[in-house]
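For reference, the chains in residue letters:
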Amino acid sequence: MAATPETVRRLAARGCTLLVERGAGAASGYDDADYSEAGAELIDAAGSDHWSGTDVVLAVQGADLAQQRAELAALRPGALLLGLLEPHGNDALKQQLEQRGLSAMALELLPRISRAQSMDVLSSQANIAGYKAVLLASAALDRYVPMLMTAAGTIQPARALILGAGVAGLQALATARRLGAVVYVSDVRPAAKEQVESLGGRFIDPPQLEEQPGEAGGYAKQATEDFLAAQRRQLTEQLALADMVICTAQVPGRQAPRLIDDAMLQHMRPGSVVVDLAVAQGGNCEGSCPGDTVIRHGVQLIGADALPCTVANHASALYARNVAALLEHLLAATPEQATALQLDLEDPIVAGCLFTRHASPAPAAVGGAA
Ligand code: NAD
């Protein structure tokens, strides 16, 4: 949910009028009555009456909204759509929004700079995914996770292997450590080593080839096929020792690197579990299916493509706070007497995530949450 009663109150205090679709918060545990009490006006989902007077639409899956909701056509030129727009290579959506004269901000493109941290939707949702992936793996595993000393003898701690030490990977590391696992982590960015070790993980240095993938803006660059082949050889041994593997390795706008192939799965212990968080981008593990669990060579492959939805209340609470922080940032840059929301292209936050821009900016009253 793109707004919660808490953020409705926050934005109402800034002078915004908030319209919330009836029942929109139900799946995340937020009642219509709480939105009303916070100052929102409840509207029916069907019908375009309210859309024509709306200046900003706050959405979660903004790309789906643009494609599936006819009401979007009722928005006036210059209105702003704010949400996850799957912007990489999505020329069709860009064209569609431009034809309608809409401005749109894709939250995936928000720059990873310190002053944008409070608006960083990818981080807040990846954190949830990393946490939940370890819980899923632990529940599916045929072993204990912590070391236990029982009357029947000692149980050794489970061994977790985490591929990718970005936001999801580091949270997976922290969660697995809290459960008592011994955790190994692989990443191609040298900066990840210190972060992994500070959380009690053991870092697997990337293969020492002349050609390293490198990084840009904190993200890994795409690795060559030779590098990935060397990485797979290196990881084969680690996989054979692992009880759970959490795959989080990604390169923005690209297919996820293939780090586990079928032959490597054959070397894993039957009963072990792989959770592939990169499954929607093609997967780090061969054979993983989005939203499904399959068994290959006795190993459970969990294709976890939408884990934040399984922690819906907190996922919404954090997403809505991120969105509110961005909107407050835009409002702060808009002079009080202005009749339109200002989108300052000199501002790296605005310039970073502006996906489409209508020449005349959106009027200043703000509303709409889907
Ligand atoms: P991401 O989801 O794009 O990728 C996840 C991880 O996969 C990355 O650490 C990446 O290096 C790794 N990876 C890519 N190819 C790999 C391979 N072949 N083998 C192993 N690992 C591979 O990343 P993310 O979680 O969005 O984070 C990207 C970076 O941004 C991180 O450095 C993170 O600390 C940083 N960050 C900064 C801020 C901020 O300063 N505001 C906020 C959030 C994240």
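Preceding block: the structure.
Residues numbered from 1 in each chain as written. Predicted model: local features only at pLDDT ≥ 70, side-chain atom pairs only at ≥ 80, totals over all residues. Heavy atoms only, no water.

(A) Representation of the nonpolar core within the structure. With 39 residues, the main nonpolar core has L82 and M105 as its most contacted residues. Among the elements of the structure, α1 (5–12), α2 (32–38), β3 (56–61), β4 (80–84), α10 (312–332) and α11 (348–353) are those that each provide at least two residues to this core. Those residues in contact with L82 that lie beyond four places of it in its chain are V56, V57, L58, A59, M105, L107, V323, L326 and L327. Counting 29 residues, the second largest nonpolar core, distinct from the first, contains V134, A168, L173 and V196. (Core = buried A, V, L, I, M, F, W, Y, C linked by side-chain atoms within 4.5 Å. Buried < 20%, exposed > 50% of the residue type's maximum accessible area, 1.4 Å probe, protein only. Helix = DSSP H or I, 4+ residues; strand = E, 2+ residues; numbered from the N terminus. Contact = heavy atoms within 4.5 Å.)

(B) Structural detail: the site of the ligand. As a matter of local geometry, the ligand sits amid 25 residues, with R112, V167, D187, R189 and Q231 nearest to it. A distance of 2.7 Å is found between an oxygen atom of the ligand and a backbone nitrogen or oxygen belonging to V167. Separating an oxygen atom of the ligand from a side-chain N or O atom of D187 is a distance of 2.7 Å. The fraction of the free accessible surface of the ligand (850 Å²) that becomes covered by protein chains is 86%. Considered class by class, the residues forming the shell around the ligand number 12 nonpolar, nine polar and four charged. (Near = heavy atom within 4 Å. Polar contact = N/O pair within 3.5 Å; in protein donor to acceptor, adjacent residues only side chain to side chain. Areas by Shrake-Rupley, 256 points an atom, 1.4 Å probe, with all protein chains shown as cover. Nonpolar A, V, L, I, M, F, W, Y, C, P; charged D, E, K, R; others polar.)

(C) Focus on the pairing of strand β16 (residues 299–303). Counting buried residues along β16, four of its five residues qualify, which places the element largely inside the surrounding structure. Sheet topology note: the strand β14 (residues 273–276)/β16 ladder contains four bridges and is parallel. Directly across from V275, in β16, lies its bridge partner I302. Here strand β15 (residues 293–296) runs beside β16; their pairing, made up of four bridges, is antiparallel. Residue pairing across strands places I295 opposite Q300, the latter belonging to β16. Linking β15 back to β16 in an antiparallel pair, the connection comprises two residues, with H297 at a positive phi of about 55 degrees. (Pairing = 2+ DSSP bridges.)

(D) Representation of the side chain of N284. Of note, N284 is situated in the loop between β14 and β15. Among the polar contacts made by the side chain of N284, one reaches the main-chain carbonyl oxygen of P257 at a distance of 2.8 Å. Excluding residues within four positions of it along the chain, N284 makes contact with C247, T248, A249, A256, P257, R258, L259, I260, D276 and A278.

(E) Looking closely at the sheet that holds strand β9 (residues 182–186). Reading across from one edge, β10-β9-β8-β13-β14-β16-β15 is the order of the seven strands in this open sheet, with mixed pairing throughout. Sheet topology places β10 (202–204) and β15 at the edges, where each strand pairs with a single neighbour. This sheet shows a mean twist of 20 degrees between the axes of neighbouring strands, independent of strand direction. Looking at chain direction, strand β8 (residues 159–163) and strand β13 (residues 244–247) are connected through four bridges and run parallel. When the sheet's bridge partners are listed, L161 is paired in β13 with V245. (Axes fitted to C-alpha atoms, helices over the stretch in contact; angles between N-to-C directions.)

(F) Looking closely at unusual backbone geometry. We note that E86 has phi near 45 degrees; this positive angle belongs to a residue other than glycine. Its location among the elements puts E86 in the loop between β4 and α4 (91–99). By relative accessible area, E86 is classed as partly exposed at 44%. Backbone geometry at H297 places phi at a positive 55 degrees, although glycine is not the residue there. Along the chain, H297 turns up in the loop between β15 and β16. When its relative accessible area of 38% is taken as the criterion, H297 is described as partly exposed.

(G) A look at the state of the cysteines. Within this structure, the stated rule accounts for zero disulfides. Unpaired in terms of disulfides, C16 finds its nearest cysteine sulfur in C353, a separation of 17 Å. Take C16: its relative accessible area is 9%, and that puts it in the buried class. (Disulfide = S-S within 2.5 Å.)

(H) Quick peek at the pattern of salt bridges. For the coordinates displayed, the defined rule picks out 16 salt bridges. A salt bridge links R69 to E21; the shortest N-O distance between them is 2.5 Å. You can see R69 sitting in the loop between α3 (62–68) and β4 and its partner E21 sitting in strand β1 (residues 19–21), a full 48 residues away along the chain. Overall, E21 belongs to the buried group, its relative accessible area being 8%. Note that E71 is salt-bridged to R69, the shortest N-O span being 3.3 Å. Here the salt bridges share partners, and the residues they tie into one network are D142, R143, D243 and R269. (Salt bridge = Lys/Arg side-chain N within 4 Å of Asp/Glu carboxyl O.)

(I) Seen up close, the packing of aromatic side chains. Per the stated rule, a full pass over the model turns up zero aromatic pairs. Lying over the aromatic face of F355, K94 brings its terminal NZ or CZ to 5.0 Å of the ring centre. (Phe/Tyr/Trp six-rings, centres within 6.5 Å; stacked < 30°, edge-to-face > 60°. Lys NZ or Arg CZ within 6 Å of the ring centre and 35° of its normal.)

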